[in-house]
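# A structural walkthrough
So the chains spell out like this:
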Amino acid sequence: MTARSIVNDLGAGFSAPGDPRVTAALGAFLRRLDDAPRLLGFGEPLHGEEGFLLLRNQMFRYLVEREGYRSLAIESSCLKGILVDSFVRGANGLPLDDVMAQGFSHGFGGSRGNRDLVGWMADHNSRRELGEHVRFSGFDGPIEMTSADSPRQALTFLDTYLRTHLDERDVPCTPDRISELIGDDARWSDPAVAMDPTRSVGATAEAGQLRLIADDLMTLLASEAPRLVAAGTRDAWWEAELHGRVATRLLSYHAGMAENSPRRIARLLGIRDTLMADNLSALARREADRGPTFVFAHNGHLLKGETHWDLAGMHLQWSCAGAHLDLRFGDAYTVIGSAVGEAPGHRIGRPPPGTLEDLLFAVGESCLVPAAAVADAVRGAEKRADPSGNSTYFPLDPACLGELDAVLFLRHVDETAG
């Protein structure tokens, strides 16, 4: 079967984001599934291309209006995302400019597509009852490319929550002691640690004590959950658990940054993706009675297997978030990966002959097709070399098609993020 015949059979071709055939193709794909997913992932092949965000926004609106979805999670800080969720639900009066500046990590708040998304969600919720509101979440840790946050915010939030509802004699540590052990936040977030593990505080005695405190606080939160929820709200307990989970993983991440081994970078990437999977698993539990969740991130986080990355002479591989979700949710986790044909604004020209993108490019239009059918049509195709110089661009590997449920191919994009 050729790629063209697959598209013809499914009626899954479209011209560009905004074409109504995008949502028709998405609906057709969902109807072919044996079971409706609880988590539906949509991956992008690179960051910084508005075309994929426009597709995401279009797909999310359809999923909310036609498929009963009530939440969206994106690859951005889970702690910063709380502010965005509060805004779209009408719970704070901040200007949209402030929400975009403070509510996203990785510079994603400057994206036009993300701004349009937040505006649409707020407008949607303003016209509906509370139970019908759509919710926003980040699911990444407070971790950037070369640094990670201090655990102060996460640990302080959890400690304060427990003190508010329990006898403070039951809480294992005082706030002053936590602050004393953390010390100067700048030493935790020092970007020089990325290249020099000896600068990391993650292996210090203070960091070790903080890891024990975080574990004790999380044990207390779990053991007292019934009383805590009765004294407050389930949402408040969920938010405290989120902060505790972040604190625990952040401290593990900092300990990993202090290691001096060939596996150091891969281990750090694995810790980050495990936190992503933990956050999405908790989100799926929270949203279980309201509807499925749409997840947007880089392909490399959503595949159901390992991610491979050649970086500075190292070949890195680790289990990505999607692999953990596949293990935990099975068929209830479904993922659509994506690929791009040509994107001149990113220095990505027409696909070389013999590559997966070249075979899909020959279809003549963008398309959404089942991954298994694509794998059959492009058997023997080569992985495309990356000509872009964009460190976030990962051409789709034909060998990874078995780790996806569908492929969205965007044939041509005209502009970069603005």
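Residues numbered from 1 in each chain as written. Predicted model: local features only at pLDDT ≥ 70, side-chain atom pairs only at ≥ 80, totals over all residues. Heavy atoms only, no water.

## Section: the pattern of salt bridges
Formally: In what follows, salt bridge is the name for a side-chain nitrogen of Lys or Arg lying within 4 Å of a carboxyl oxygen of Asp or Glu. Only protein chains enter the accessibility calculation, which uses a 1.4 Å probe. A residue is then buried if its area is under 20% of the maximum for its type, exposed if over 50%, and partly exposed in between.
With the rule as written, the count across this model stands at 26 salt bridges. As a salt-bridge pair, Arg 127 and Asp 123 come within 2.9 Å of each other at their nearest N and O atoms. The class of Arg 127 is exposed, set by a relative accessible area of 53%. Look at Asp 123 and you get partly exposed, because its relative accessible area is 39%. Here Asp 376 makes a salt bridge to Arg 379, at a shortest N to O gap of 3.2 Å. Note on Asp 376: relative accessible area 39%, which makes it partly exposed. Classification of Arg 379 as exposed rests on a relative accessible area of 66%.

## What to know about the sheet that holds strand E10 (residues 406-412)
Remark on secondary structure: sheet strands pair via backbone hydrogen bonds, oriented parallel or antiparallel. Going by this rule: Two strands form a pair only when DSSP identifies at least two bridges running between them. A helix here means a DSSP run of H or I that spans at least four residues, while a strand means a run of E at least two residues long, and both kinds are numbered starting from the N terminus. When checking whether two residues touch, look at their non-hydrogen atoms; a contact exists if any pair is within 4.5 Å. In this analysis, axes come from line fits to C-alpha atoms, helices being fitted only over the stretch in contact, and the angle between any two N-to-C directions falls in the range 0 to 180 degrees.
Ordered by their spatial adjacency, eight strands build an open sheet running E1-E9-E10-E8-E2-E5-E3-E4, and the pairing between neighbours is mixed. With one partner strand each, in any of the chains shown, strand E1 (13-14) and strand E4 (135-140) form the two edges of the open sheet. Lying over the sheet, helix H4 (residues 81-88) contacts strand E3 (71-77) and E4, oriented at roughly 175° with respect to E4.

## Considering the packing of helix H7 (residues 152-165) against helix H8 (residues 175-182)
As a reminder of what qualifies: An angle below 35 degrees is treated as roughly parallel, one above 145 as roughly antiparallel, one from 65 to 115 as roughly perpendicular, and anything else as oblique. Three classes are used, and their members are as follows: Ala, Val, Leu, Ile, Met, Phe, Trp, Tyr, Cys and Pro are nonpolar, Asp, Glu, Lys and Arg are charged, and the others, Gly among them, are polar.
Close contact between H7 and H8 brings their axes to 10 Å; oriented N to C, the two are set at 170°. On the basis of the axis angle, H7 is roughly antiparallel to H8. Contacts between H7 and H8 involve Arg 152, Leu 155, Asp 159 and Arg 163 on the former and, on the latter, Pro 175, Ile 178, Ser 179 and Ile 182. Of the residues in the contact of H7 with H8, the class split is four nonpolar, one polar and three charged.

## Remarks on helix H10 (residues 205-223)
We count it as follows: Each helix should span, by expectation, one fewer than its residue count multiplied by 1.5 Å. Starting at the helix axis, one direction is taken to each C-beta atom, and the arc is that of these directions.
In a regular helix each residue adds 1.5 Å, so 19 residues correspond to 27 Å; H10 covers 27 Å between its end C-alpha atoms and thus fits that length. Three or more residues of H10 are buried, namely Ala 207, Leu 210, Ile 213, Ala 214, Leu 217, Leu 220 and Leu 221. Burial along H10 is one-sided: seen end-on, the buried residues are contained in an arc of 135°. In this structure, H10 carries Ala 205, Leu 212, Ala 222 and Ser 223 as exposed residues pointing more than 90 degrees from its buried face.

## Overview of the pairing of E3
Where burial is concerned, most of E3 is hidden: seven out of the seven residues are buried. Relative to E4, E3 runs parallel, the two sharing five bridges. Paired with Ala 73 across the bridge in E4 is Ser 137. As judged from the four bridges shared by E3 and strand E5 (residues 293-298), these two strands associate in the parallel manner. Across the sheet, Ala 73 pairs through a bridge with Val 295, a residue of E5.

## Topic: the nonpolar core
Going by this rule: Here the nonpolar core consists of buried residues drawn from Ala, Val, Leu, Ile, Met, Phe, Trp, Tyr and Cys, with membership extended through side-chain atoms lying within 4.5 Å. Segment limits for the domains were obtained from an automatic or database-derived domain assignment.
Grouped together as the largest cluster of nonpolar side chains are 75 residues, with contacts concentrated most on Leu 162, Leu 210, Leu 221, Leu 401, Leu 404 and Val 407. No other element matches helix H12 (residues 234-257), which puts ten residues into this core. Residues lining this core come from more than one domain, with at least three contributed by each of domain 1 (3-69 + 277-412) and domain 2 (147-260). Aside from chain neighbours lying at most four places away, what touches Leu 162 is Val 171, Leu 217, Leu 220, Leu 221 and Leu 228. Core analysis: the next-biggest nonpolar cluster, separate from the first, contains 47 residues, Phe 14, Met 121, Ala 343 and Leu 368 among them.

## Examining unusual backbone geometry
In this model, His 106 sits at a positive phi of 60°, which is unusual for a non-glycine residue. With respect to the element layout, His 106 can be found in the loop between helix H5 (96-102) and helix H6 (112-126). Owing to a relative accessible area of 23%, His 106 belongs among the partly exposed residues under this scheme. With a phi close to 60°, Arg 347 is a non-glycine residue in the positive phi region. Looking at where Arg 347 falls in the secondary structure, it is placed in the loop between strand E8 (333-342) and helix H16 (356-361). The class for Arg 347 is exposed, based on a relative accessible area of 59%.

## What to know about the domain arrangement of the protein chain
How we decide: When two parts are brought into contact, each loses some accessible area as probed by a 1.4 Å sphere; the total of that loss over both is the buried area.
For the protein chain, the domain assignment lists domain 1 (3-69 + 277-412) and domain 2 (147-260). A C-alpha centroid distance of 35 Å is found between domain 1 and domain 2. Counting residues at the interface gives five residues for domain 1 and five residues for domain 2. Buried area between domain 1 and domain 2, both sides added, is near 500 Å², and the carbon and sulfur share of it is 46%. The three residues of domain 1 that bury the most area against domain 2 are Asp 278, Asn 279 and Arg 286, which together make up 73% of that side's buried surface.

## Considerations on the side chain of Gln 58
Of note, Gln 58 is situated in helix H3 (residues 50-67). Residues in contact with Gln 58, not counting those within four places in the same chain, are Pro 17, Gly 18, Asp 19, Pro 20, Val 22 and Thr 23.

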